[in-house]
Amino acid sequence: MLEGVAFGLRDSFEALAATNAKLDRLIAIGGGSASRYWIQLIATTLGVPLSLPKSGEFGAALGAARLGITAATGLAANTVMSLPEVRETIDPDKGLTSTFDDAYQKYSSAYLAIKSCQ
């Protein structure tokens, strides 16, 4: 199940990458970020390091508030958006990268086949 969710995240990651978005590091937040296994799995599946904020006060609500401030005030995003202090960064497991790439390709093929039946 965790791999399936990670592959779903990779679908989104690949869609963003297709827009030429620079995705060389991501920040993991929320309850799932407490699981080192889960963070390692996602980092390996996406092929990018995942940083864990030092403080639990950084999360989706803060990001939404910052977007609201930017929209309401017209301030430049770089004056409102700031990176949190990082406690730790989890790198992808290079020894498993090809295994997860192969599994992702199988997932993608299976997903398209199942979707075509709906």
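Residues numbered from 1 in each chain as written. Predicted model: local features only at pLDDT ≥ 70, side-chain atom pairs only at ≥ 80, totals over all residues. Heavy atoms only, no water.

- As annotated in an unreviewed UniProt entry, the protein chain carries the name Xylulokinase and is attributed to Thalassospira xiamenensis M-5 = DSM 17429.

### Details of the packing of aromatic side chains
So, step 1. For the structure on display, the rule yields four aromatic pairs.
So, step 2. Taken together, a centroid distance of 5.3 Å and an interplanar angle of 45° make the contact between Phe7 and Tyr107 tilted. Residue Phe7 is located in helix α1 (residues 2-17), and its partner Tyr107 is located in helix α5 (residues 97-116); the two are separated by 100 residues in the primary sequence.
So, step 3. On the basis of relative accessible area, Phe7 is assigned to the buried category, the value being 5%. (Phe/Tyr/Trp six-rings, centres within 6.5 Å; stacked < 30°, edge-to-face > 60°. Helix = DSSP H or I, 4+ residues; strand = E, 2+ residues; numbered from the N terminus. Buried < 20%, exposed > 50% of the residue type's maximum accessible area, 1.4 Å probe, protein only.)

### Structural notes on unusual backbone geometry
So, step 1. Backbone geometry places Asn20, a non-glycine residue, at a positive phi of 70°.
So, step 2. Within the secondary structure layout, Asn20 lies in the loop between α1 and β1 (26-27).

### Comments concerning the sheet that holds β1
So, step 1. Read across the open sheet, the three strands follow the order β1-β2-β3; overall the sheet is mixed. Each having just a single partner strand, β1 and β3 (86-90) make up the two edges of the open sheet.
So, step 2. Sheet topology note: the β1/strand β2 (residues 50-53) ladder contains two bridges and is parallel. In the sheet register, Ile27 faces β2, and the bridge partner there is Ser51.
So, step 3. Those strands touched by helix α2 (residues 36-46) are β1, β2 and β3, and its axis lies near 55° from that of β3. (Pairing = 2+ DSSP bridges. Contact = heavy atoms within 4.5 Å. Axes fitted to C-alpha atoms, helices over the stretch in contact; angles between N-to-C directions.)

### Description of the pattern of salt bridges
Oppositely charged side chains can pair when the atoms bearing their charge come close.
So, step 1. Scanning the entire structure with this criterion turns up six salt bridges.
So, step 2. With its nearest N and O atoms 2.3 Å apart, the salt bridge here joins Glu88 to Arg36. Taken together, the residues span a long stretch of sequence, with Glu88 in strand β3 and Arg36 in helix α2 at a distance of 52 residues.
So, step 3. Using a relative accessible area of 27% as the deciding quantity, one classes Glu88 as partly exposed.
So, step 4. For Arg36, a relative accessible area of 48% puts it in the partly exposed group.
So, step 5. A salt bridge links Arg87 to Glu88, with the shortest nitrogen-to-oxygen separation between them at 3.8 Å. (Salt bridge = Lys/Arg side-chain N within 4 Å of Asp/Glu carboxyl O.)

### Structural notes on the environment of Ile114
So, step 1. Mapped onto the elements, Ile114 comes out in helix α5.
So, step 2. We classify Ile114 as exposed; its relative accessible area is 56%.
So, step 3. Through-space distance from the C-alpha of Ile114 to that of Gly47 is 26 Å; in sequence the pair is 67 residues apart.

### As for the packing of α1 against α2
So, step 1. Remark: α1 packs on α2, axes separated minimally by 9 Å, with the N-to-C direction vectors making an angle of 45°. As far as their axial angle goes, α2 and α1 are oblique. The element α1 and its partner α2 pack so that their crossing is right-handed. Residue-level contacts link Leu2, Glu3, Val5, Ala6, Phe7, Leu9, Arg10 and Phe13 of α1 to Tyr37, Trp38, Leu41, Ile42, Thr45 and Leu46 of α2.
So, step 2. Broken down by class, the residue content of the contact of α1 with α2 amounts to 11 nonpolar, one polar and two charged. (Parallel < 35°, antiparallel > 145°, perpendicular 65-115°, else oblique. Left-handed = near helix turned anticlockwise from the far one by under 90°. Nonpolar A, V, L, I, M, F, W, Y, C, P; charged D, E, K, R; others polar.)

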